[in-house]
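# Report on the structure
Given next are the chains, with one letter for each unit.
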Amino acid sequence: MNASPSISAVLQADILHHVFTHELLDQTLLNAALVCRSWTDPAQSALYRDLAFSTIDNHKRDALLARTMRMSHHLRRHVRRLTLTTLWTHSPTPDMCDWIQLLPAHCVREFQWVWLRGHILSAVLDYPAVRTVAHMTLKGRFYTASKLQPVLELPHLRSLALEISGHEAGELYPPTSTRLEHLSVHLTAGYGPIFDKLLAAAGGRLNSFRLLCQMGCAPDEDAQLLAAIKAHIPTTLARLDISANFMLNKPMPFLDGLVRHYRTLQHLHCAEDTYSAGLLDELPPTLRTLHFSFRHATMPHEAALLSFLKARKCHALTTLTFTTPDNAAQFMPFVDACRQCEVDFTHTTNTVGSERDGNHRNGR
């Protein structure tokens, strides 16, 4: 029995959307959009799905993009991810970004904003597509808590990644309503009261928390930082990822205490020098993914981890991941141990701020 024309058209459109979203060149997608009417919408959807726009260097491409989005209303609904780079102090940014307020609500799912100088422009947060975004990454200085407050008030925000110096002055207040479940904080200059205020305002519903910070110079401040995490982030936390740069090159196994506090973790990232061998005896029974990152060729507490795997102390564990600067040749004992206890072993190598897949992957 032949499929009806309407069903056939839907299937064809789904296939075209799938093909066109596989990282084809922009020129290829432009050409595809001109082939026939049925190809136009899927090709344009892929072409405008992920946009990057900068106001800094007055590139012809950015000016053309802004003009296209102002004039072609049918293209605006395709935008799913938007990356904006601005320089408020020395550019006519508000006029150049006016096209963003034309994007319809709920179309953009991910919004990344990098501002290099000056303050965040709060008006952008009121644009319909930005106000309804679910995932947001902000890279730039806030200077005062009042500039951060409108971000916390975004009603549909589920994940937020941001940078704070620790020196932002002023108060933060819990938003009227929040859906925020995932928070990632880069504490660029060390602990400050703003960290407590941020977690008090936004930490109540968190399911996932990631922190990159500096520790080791002021023990009192380190203790306050850890106390703020325990005080404001619920014990039902499922994912914990803390990386610390130790200014005195002295290990601080604070992660042991956090793991004792959070007994429903499913994913745990352990950076070098943040834990002791005793951590392995404290892991919650719910843990499914255990991730270690370290800077040297040898895994710290190697013997303790091998004993842990062979004893099968964590029955829920499904994945063990190592992230290192080097190849995985020295990790064969862990590959074998994971195979015996039916745990996936994955190795990644980090290269100048990025990670790529390593050579060893042991399927269950």
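Residues numbered from 1 in each chain as written. Predicted model: local features only at pLDDT ≥ 70, side-chain atom pairs only at ≥ 80, totals over all residues. Heavy atoms only, no water.

## Things to note about the overall build of the chain
Helix and strand counts for the chain stand at 14 helices and 13 strands. Across the 364 residues of the chain, 46% fall into the buried class. Considering only contacts in the chain between residues 6 or more positions apart, those separated by 24 or more positions represent 62%. Split by element, the accessible area of the chain, about 18,400 Å² in all, is 53% carbon and sulfur. (Helix = DSSP H or I, 4+ residues; strand = E, 2+ residues; numbered from the N terminus. Buried < 20%, exposed > 50% of the residue type's maximum accessible area, 1.4 Å probe, protein only. Contact = heavy atoms within 4.5 Å. Areas by Shrake-Rupley, 256 points an atom, 1.4 Å probe, with all protein chains shown as cover.)

## Some words on the packing of aromatic side chains
Applying the stated rule across the entire model yields twelve aromatic pairs. When the centroid spacing of 6.2 Å and the interplanar angle of 75 degrees are considered together, the rings of F292 and F322 count as edge-to-face. A residue pair is termed long-range when its members are at least 10 positions apart, and F292 in strand 10 (residues 289-293) and F322 in strand 11 (residues 319-324) qualify at 30 residues. Neither residue differs from the other here; F292 and F322 are each classed as buried. Ring centres of F322 and F331 lie 5.1 Å apart, and the angle between their planes is 75 degrees; this geometry places the pair in the edge-to-face category. For the pair formed by F322 and F331, the shared burial category is buried. Among the aromatic residues, ring-to-ring pairing joins Y275, F292, F294, F322, F331, F334 and F345 into one connected group. (Phe/Tyr/Trp six-rings, centres within 6.5 Å; stacked < 30°, edge-to-face > 60°.)

## Notes on the pairing of strand 4 (residues 135-139)
Moving residue by residue along a regular strand, the side chains alternate between the two faces of the sheet. Here strand 4 shows one buried face, formed by M136 and L138, and one open face, formed by H135, T137 and K139. Pairing of strand 3 (residues 110-115) with strand 4 involves five bridges; the strand directions are parallel. Across the sheet, the residue bridging to E110 is H135, located in strand 4. In this fold, the crossover linking strand 4 to strand 5 (residues 159-164) by way of helix 9 (residues 145-152) has right-handed handedness. (Pairing = 2+ DSSP bridges. Right-handed = clockwise from strand over helix to strand, strands pointing away.)

## Notes on empty space enclosed by the protein
Tallied over the full model, the rule gives one cavity of 30 Å³ or more. Approximately 50 Å³ is the volume found for the largest cavity. Around the largest cavity, the lining residues are V151, L152, L154, L157, L160, P175, T178, L180, A201 and A202. Mapped onto the lining of the largest cavity, the elements with two or more residues apiece are helix 9 and helix 10 (193-202). Split by residue class, the lining of the largest cavity holds nine nonpolar, one polar and no charged. (1 Å grid on protein atoms, 1.4 Å probe; cavity = no way out; pocket = protein on both sides within 12 Å on 5 of 7 lines; lining within 4 Å. Points joined across faces, edges and corners; volume = space filled by probe spheres on them. Nonpolar A, V, L, I, M, F, W, Y, C, P; charged D, E, K, R; others polar.)

## Digging into unusual backbone geometry
Located in the positive-phi region is H301, a residue other than glycine, with phi close to 60 degrees. Tracing the backbone shows H301 in the loop between strand 10 and helix 13 (302-311). What makes H301 partly exposed here is its relative accessible area of 34%. In this structure, E342 takes a positive phi of about 60 degrees despite not being glycine.

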